[in-house]
Amino acid sequence: MTQRRAILSGSTFEERIGYARAVVDGDRVHVSGTTGFDYTTMTISDDVVEQAEQCLRNIGAALAEAGCGFADVVRVRYMLPDRADFEPCWPVLRRCFGDVRPAATMLECGLADPRMRIEIEVDARLPQAS
């Protein structure tokens, strides 16, 4: 039987909407679309690069709780309301994914809150136990 475990970040969105920051399902980790909110203060920067950095901190915390890290990411999806905001984020994204080279997609789309300028979703695999 496959084990399934929910990981919560404390974001008020998780409670209000009814989802988990991440779900571990067997050896797979699915991290929900994650925005640049600092979940401890529920604040968000106006700067897209700072939002990307916070997204990655939030995702990194979920991956660590699951038992893996950015090196285990196999898929990443970037969602932005304005595609012109994507390129300024590249150096930040490259720091986490440049050596990993996961499959990636960028979508230009509306996000749930107009303050959100980037949302990132990842899928990872847990490292094999030795």
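Here the structure is a predicted model, which is why all the values come from computation and not from measurement.

Conventions we followed
Residues numbered from 1 in each chain as written. Predicted model: local features only at pLDDT ≥ 70, side-chain atom pairs only at ≥ 80, totals over all residues. Heavy atoms only, no water. Salt bridge = Lys/Arg side-chain N within 4 Å of Asp/Glu carboxyl O. Core = buried A, V, L, I, M, F, W, Y, C linked by side-chain atoms within 4.5 Å. Buried < 20%, exposed > 50% of the residue type's maximum accessible area, 1.4 Å probe, protein only. Helix = DSSP H or I, 4+ residues; strand = E, 2+ residues; numbered from the N terminus. Contact = heavy atoms within 4.5 Å. 1 Å grid on protein atoms, 1.4 Å probe; cavity = no way out; pocket = protein on both sides within 12 Å on 5 of 7 lines; lining within 4 Å. Points joined across faces, edges and corners; volume = space filled by probe spheres on them. Nonpolar A, V, L, I, M, F, W, Y, C, P; charged D, E, K, R; others polar. Axes fitted to C-alpha atoms, helices over the stretch in contact; angles between N-to-C directions. Parallel < 35°, antiparallel > 145°, perpendicular 65-115°, else oblique. Left-handed = near helix turned anticlockwise from the far one by under 90°. Arc of directions from axis to C-beta.

A word on the pattern of salt bridges. Under the counting rule described, the total for this entry stands at eight salt bridges. Among the ionic pairs, Asp113 bridges to Arg115, the shortest N-O distance being 2.7 Å. Each of the salt bridges in this network shares a partner with another, and the network as a whole consists of Arg77, Glu121 and Asp123.

Here the focus is the nonpolar core. In terms of nonpolar packing, the biggest core is built from 30 residues, with Val29, Leu63, Phe97, Ile120 and Val122 touching the most fellow members. For this core, the secondary-structure elements that each account for two or more residues are strand 2 (22–25), strand 3 (28–35), helix 2 (48–66), strand 6 (73–80), helix 3 (86–97) and strand 8 (119–125). Counting residues per element, this core draws most heavily on helix 2, which supplies eight residues. In contact with Phe97, not counting residues within four places along its chain, are Leu56, Phe70, Val73, Val76, Tyr78, Pro102 and Val122. Counting seven residues, the second largest nonpolar core, distinct from the first, contains Phe13, Phe37, Met79 and Met116.

Before going further, it helps to examine the layout of surface pockets. Counted as a void, the largest pocket has a volume near 210 Å³. Lining the largest pocket, in full, are Val76, Tyr78, Phe86, Trp90, Leu93, Arg94, Phe97, Gly98, Arg101, Pro102 and Ala104. The set of elements that each furnish at least two residues to the lining of the largest pocket consists of strand 6 and helix 3. Sort the elements by how many residues they give to the lining of the largest pocket and helix 3 lands first, with five residues. Partitioned by chemical class, the residues of the lining of the largest pocket number eight nonpolar, one polar and two charged. In terms of lining residues, the second largest pocket is bounded by 13 residues, among which Phe13, Ile17, Tyr19, Ala112 and Met116 are the most central. The set of elements that each furnish at least two residues to the lining of the second largest pocket consists of helix 1 (12–18) and strand 3. Of all the elements, strand 3 adds the most residues to the lining of the second largest pocket, at three residues. Its residues assigned to classes, the lining of the second largest pocket comprises six nonpolar, four polar and three charged.

It is at 8 Å that the axes of helix 2 and helix 3 come closest, and there the two elements cross at 20°. Classed by the angle they form, the pair helix 2 and helix 3 counts as roughly parallel. Regarding helix 2 and helix 3, the two cross each other, and that crossing is right-handed. Residue-level contacts link Val48, Val49, Ala52, Glu53 and Leu56 of helix 2 to Pro88, Cys89, Val92, Leu93, Arg95, Cys96 and Phe97 of helix 3.

This part takes up helix 3. Among the residues making up helix 3, those that are buried are Phe86, Cys89, Val92, Leu93, Cys96 and Phe97. Projected down its long axis, helix 3 shows its buried positions confined to an angular sector of 125°, all on one face. Structural note: helix 3 exposes Glu87, Arg94 and Arg95 on the side pointing more than 90 degrees away from its buried face.

Coordinates in, geometry out; function isn't part of it.
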